[in-house]
Amino acid sequence: PELRDLENILLAVQMACKTISNLVSRAGLAYSIQNEDDDDDLSFPEGDTNNRRVDNDDDKVGKEKDYNSDGRYYSMKRLDKLSTTVLKNALKFTGTVQMIVPEAKDPVEQPDQHQPGVLIAYDEHNLACLDPLDGSGNADASICTGTVFGVFERGNADKKNKQQHNNQENDASADYDEESLLEAVLQPANKMRAAGYCLYSSATVLVFTLGSSVYGFTLDPQIQEFVLTHDKLTIPSRGNVYSCNEANSEGWQSGWKDYLRNIKLGKGETQERYALRYVGSMVGDIHRTLLYGGVFGYPSDQLHKPQGNLQILYKSSPMAFVVHHAGGKAMDELGGNLLDKRPERIHQKSPCFMGSPKDMDELKQYLTGLRKSLTTDNQE
């Protein structure tokens, strides 16, 4: 009963995920747009997302190409816009939820052109942050993508605005000050009431927690309903897989590099060699880690991404909340608990690591300097 006020937001999310799943599965069919270069025509009319075919236009042949005319760019942009529209419509359908699409104040943190950024949804009781489609660049290659969401209690952060509108019958429809709402959502993951993700892959899997156990539901395509398939999901205490983008290794700090060197050589605590598995889609990589154990990491890259590449508020925090309640751990690059990290800006990024509890405990020794690579010790 105390969680009843979450019902509208969570219902809207699962409804939207069904539609987004259908859009992603049709990505290669519905979005053949290599000859299209009109940004104003990047979204289908509402209710007309099926059976659309883009006609070739001979007048466009010979126009100067740039990266924006690349078919993959347009496919990502179209999917992201559609996913954002689907989520907006599903949330509006509840009749009680409104939305904000905040802009990045720091140009460095501005999402890429094809990315939708984040949706901030709110009603009388809750604030939700949603990433409509993480990993959209993988959709054309039929590689997994996902939707991520986290829900906070609205609390008294915008109490002043409520008082200004206390004569209105419907608090949720009041025109609250946007800045106050954006400030209210800047909370650490340990303040979340619920969080989860929906994975779009060979199956569509919705995984979420309400702050206790973690549950996974798989979409049955025949009845178009989510069916419970992972009851009280628990991450293995250890795994034998690590997941990261090793192309960035030249810019990594020594602790993470030392840890990887040892587990690759079979010189870690388990004396077992770990394997690399990396999809490049955060939701897909963490979902696999949740099921099979191991470590997922996106550290800082001092050459190109000194703050990592994952936004705290609407990417790493919700995923860390899920991993934590599945029995795993999440930390930042200094070994601190990622759930305690409060973002100062909506699009702020931070290095993050999460995975099996024993693997994370071992990693923490390297990140905090308590342990070095055996190779380094031998050289000394």
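To be clear, the structure that these remarks concern was listed above.
Residues numbered from 1 in each chain as written. Predicted model: local features only at pLDDT ≥ 70, side-chain atom pairs only at ≥ 80, totals over all residues. Heavy atoms only, no water.

Now for the overall build of the protein chain. The helix and strand tally for the protein chain stands at 10 helices and 13 strands. Among the 380 residues that make up the protein chain, the fraction classed as buried is 52%. For the protein chain, restricting intrachain contacts to residue pairs at least 6 apart in sequence, the fraction spanning at least 24 positions comes to 69%. For the protein chain, the exposed area adds up to about 17900 Å²; of that, 44% sits on carbon and sulfur atoms. (Helix = DSSP H or I, 4+ residues; strand = E, 2+ residues; numbered from the N terminus. Buried < 20%, exposed > 50% of the residue type's maximum accessible area, 1.4 Å probe, protein only. Contact = heavy atoms within 4.5 Å. Areas by Shrake-Rupley, 256 points an atom, 1.4 Å probe, with all protein chains shown as cover.)

A word on the side chain of Glu 333. Secondary-structure assignment places Glu 333 in the loop between strand 12 (329-331) and strand 13 (352-355). One buried charged residue, Glu 333, forms no salt bridge at all, with the nearest opposite charge on Lys 341 at 9.3 Å. A polar side-chain atom of Glu 333 sits 2.7 Å from a polar atom in the side chain of Ser 300. The residues contacting Glu 333, other than those within four sequence positions of it, are Gln 253, Pro 299, Ser 300, Pro 351, Phe 353 and Leu 367. (Lys, Arg positive; Asp, Glu negative; His and termini not counted. Salt bridge = Lys/Arg side-chain N within 4 Å of Asp/Glu carboxyl O. Polar contact = N/O pair within 3.5 Å; in protein donor to acceptor, adjacent residues only side chain to side chain.)

Adjacent strands of a sheet pair through backbone hydrogen bonds, lying either parallel or antiparallel. Judged by pairing direction, the sheet is mixed, and its 5 strands sit side by side in the order 10-9-11-13-12 without closing on themselves. Looking along the sheet, the strands with just one partner apiece sit at the ends: strand 10 (275-276) and strand 12. By the bridge criterion, 2 bridges tie strand 9 (residues 241-243) to strand 11 (residues 295-298) in an arrangement that is parallel. Paired with Ser 243 across the strands is Phe 296, a residue of strand 11. Along the sheet face, helix 7 (residues 282-292) touches strand 9, strand 11 and strand 13 and points at about 155° away from the line of strand 11. The sheet contacts of helix 8 (residues 312-325) involve strand 12 and strand 13, and relative to strand 13 the element is tilted by about 25°. (Pairing = 2+ DSSP bridges. Axes fitted to C-alpha atoms, helices over the stretch in contact; angles between N-to-C directions.)

Before going further, it helps to examine the pairing of strand 7 (residues 214-220). In terms of burial, strand 7 is largely enclosed, as 5 of its 7 residues are buried. Pairing between strand 6 (residues 204-209) and strand 7: 5 bridges, direction antiparallel. Of the residues in strand 7, the one forming a bridge with Val 207 is Gly 216. Between strand 6 and strand 7, which follow one another and run antiparallel, lie 4 residues, and Gly 211 among them has a positive phi close to 100°.

On the secondary structure map, Phe 353 appears in strand 13. If we skip the residues at most four places from it in the chain, Phe 353 touches Trp 256, Phe 296, Gly 297, Pro 299, Lys 329, Ala 330, Met 331, Asp 332, Glu 333, Met 360, Leu 363 and Leu 367.

Despite not being glycine, Ser 142 shows a phi value in the positive range, around 60°. Turning to its location among the elements, Ser 142 is positioned in the loop between strand 3 (126-134) and strand 4 (145-153). The phi dihedral of Lys 232 is positive, around 50°, even though this residue is not glycine. Among the secondary structure elements, Lys 232 is positioned in the loop between strand 8 (225-230) and strand 9. The class for Lys 232 is exposed, based on a relative accessible area of 51%.

Before going further, it helps to examine the sheet that holds strand 4. Taken together, 8 strands build an open sheet; the order of strands is 1-2-3-4-5-6-7-8 and the sheet is antiparallel. The open sheet has two edge strands, strand 1 (98-100) and strand 8, and neither has a second partner. For this sheet the average axis-to-axis angle between neighbouring strands, irrespective of direction, equals 25°. Relative to strand 5 (residues 192-200), strand 4 runs antiparallel, the two sharing 8 bridges. Bridged to Phe 152 within strand 5 is Met 192. Each of strand 3, strand 4, strand 5, strand 6 and strand 8 touches helix 7; the most contacted strand, strand 5, lies at about 105° to it. Strands strand 3, strand 4, strand 5, strand 6 and strand 7 of the sheet are contacted by helix 8, whose axis makes an angle of about 100° with strand 5.

Time to look at a nonpolar patch on the surface. A contiguous nonpolar patch, built from Leu 11, Met 15 and Phe 93 and spanning about 310 Å² of accessible area, is present on the exposed surface. Residue placement: Leu 11 occurs in helix 1 (residues 7-25). Residue Leu 11 is classed as partly exposed on the basis of its relative accessible area, which comes to 41%. (Patch = residues over 30% accessible without salt bridge, like charges linked within 9 Å, V, L, I, M, F, W, Y side chains within 5 Å.)

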